[in-house]
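Observations on the model geometry
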Amino acid sequence: MTTSSSSPSTLPPVAFIGGGNMASAIIGGLLRQGMPASDIIVVEPYEAAREALQANFGIAALPEAGPALQRAALVVWAVKPQTFKDAAAVAAAHTRHALHLSVAAGITTDSIAAWLGTARLVRAMPNTPALVGKGMTGLYARPEVDADGKALIARVMGSTGQLLWVDQEQKLDAVTAISGSGPAYVFLFLEAMTRAGVDMGLTAEQAHQLAVATFQGGAELAARSDESPEVLRQRVTSKGGTTHAAITHMQEQQVPEHFIAAMRKAEARAQELADEFGR
């Protein structure tokens, strides 16, 4: 697992196809670390989104792919899975020289390589905490991507948080299930903890503050500790105490097993997306 410390100010020009949340997270990270706005171009068909990108970041935003993309050494595909193929058909003629990075869920590199006419591509599975520089991104590089290409991708995605390279593309489905979809699991538990706090007499604001701080603190403790989550859990679970009562109830209701089953559903859906949109 790595982060990037190199300055993006030395990066070559980067183009983004799609200007939604993930593109904005990466662009914001690059600009914060010194990359000139003039070296970033975005293709975004929706006028309101283009205007927001230009206002927020001062970058060039175009309504459609064209010769301007030929300047980019790296093209980041931040489009929805169902629109990737059509977008690639328009942009491919201007981007075959470039290294490509896809953040589109589920679409395999075999499909992307066929659409773009190049196999120099990396597939990424980021998550939404990238918006605040706390993202977790899984990465897979095709064999055609050399060490310099991987280093470039690491510098770009490192601006949004932590990175984890996997050696087989199919493992990105597990990354999707754990960290890609994972923030939603956290938010679901935060919702439940807040509702419980209100039921026990706290205000919604008080319960929310307690729940968020507890997740932040627990995650930071786990990140800094050499002990496993199981051991950390046992250390705060005194037999017969309040935590023991809560954990015992969850175990009796098979909450961990249901949670694992839910993540397997996410993994299966990632595989279905590849079949559905990757043809």
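As shown above, the structure is provided for reference.
Let me begin by describing the structure that accompanies this report. (Residues numbered from 1 in each chain as written. Predicted model: local features only at pLDDT ≥ 70, side-chain atom pairs only at ≥ 80, totals over all residues. Heavy atoms only, no water.)

A word on the side chain of Thr 109
Which entries qualify depends on this criterion: Numbering of helices and strands runs from the N terminus, with a helix taken as a DSSP run of H or I at least four residues long and a strand as a DSSP run of E at least two residues long. Residues are treated as being in contact if the distance between any of their heavy atoms lies within 4.5 Å.
Tracing the sequence through the fold places Thr 109 in helix H4 (residues 109–116). Look past the residues within four positions of Thr 109 in its chain and what remains in contact with it is Leu 121, Arg 123, Tyr 140, Arg 142 and Glu 169.

Remarks on the environment of Leu 53
By the element assignment, Leu 53 lies in helix H2 (residues 47–57). C-alpha of Leu 53 to C-alpha of Phe 259: the two residues are 206 residues apart in sequence and 37 Å apart in space. Excluding anything up to four places from it in sequence, Leu 53 contacts Gly 19, Ser 24, Val 42, Glu 44, Gly 58 and Ile 59.

Some words on the nonpolar core
We count it as follows: In this text, buried Ala, Val, Leu, Ile, Met, Phe, Trp, Tyr and Cys residues form a nonpolar core when linked through side-chain atoms within 4.5 Å. When accessible area is computed with a 1.4 Å probe and restricted to protein chains, residues below 20% of their type maximum are described as buried, those above 50% as exposed, and intermediate ones as partly exposed.
The biggest cluster of nonpolar side chains holds 32 residues, and the ones touching the most others in it are Phe 16, Ile 26, Leu 74, Leu 101, Leu 139 and Ile 153. For this core, the secondary structure elements donating two or more residues are strand E1 (14–17), helix H1 (21–32), strand E2 (40–43), strand E4 (74–77), strand E5 (99–102), strand E6 (121–125), strand E7 (135–141) and helix H5 (147–157). Tallying contributions element by element places H1 first for this core, with 6 residues. Leave out the neighbours within four places in its chain, and Ile 26 touches Phe 16, Val 76, Val 156, Met 157, Ser 159 and Thr 160. Grouped together as the second largest cluster of nonpolar side chains are 23 residues, Ile 17, Val 43, Val 79 and Trp 115 included.

A few points about the pattern of salt bridges
This is how the line gets drawn: Within this document, salt bridges are pairs made up of a side-chain nitrogen of Lys or Arg and a carboxyl oxygen of Asp or Glu, the two lying within 4 Å of each other.
In total, this model carries 10 salt bridges according to the counting rule given. In this structure, Asp 110 and Arg 142 form a salt bridge, with 2.9 Å as the shortest nitrogen-oxygen distance. On the criterion of sequence distance, the pair formed by Asp 110 in helix H4 and Arg 142 in the loop between E7 and H5 is long-range, its members being 32 residues apart. Between Arg 142 and Glu 144 there is a salt bridge, with the nearest N and O atoms lying 3.4 Å from each other. Assessed through its relative accessible area of 41%, Glu 144 is described here as partly exposed. Taken together, the shared-partner salt bridges connect Asp 110, Arg 142 and Glu 144 into one network.

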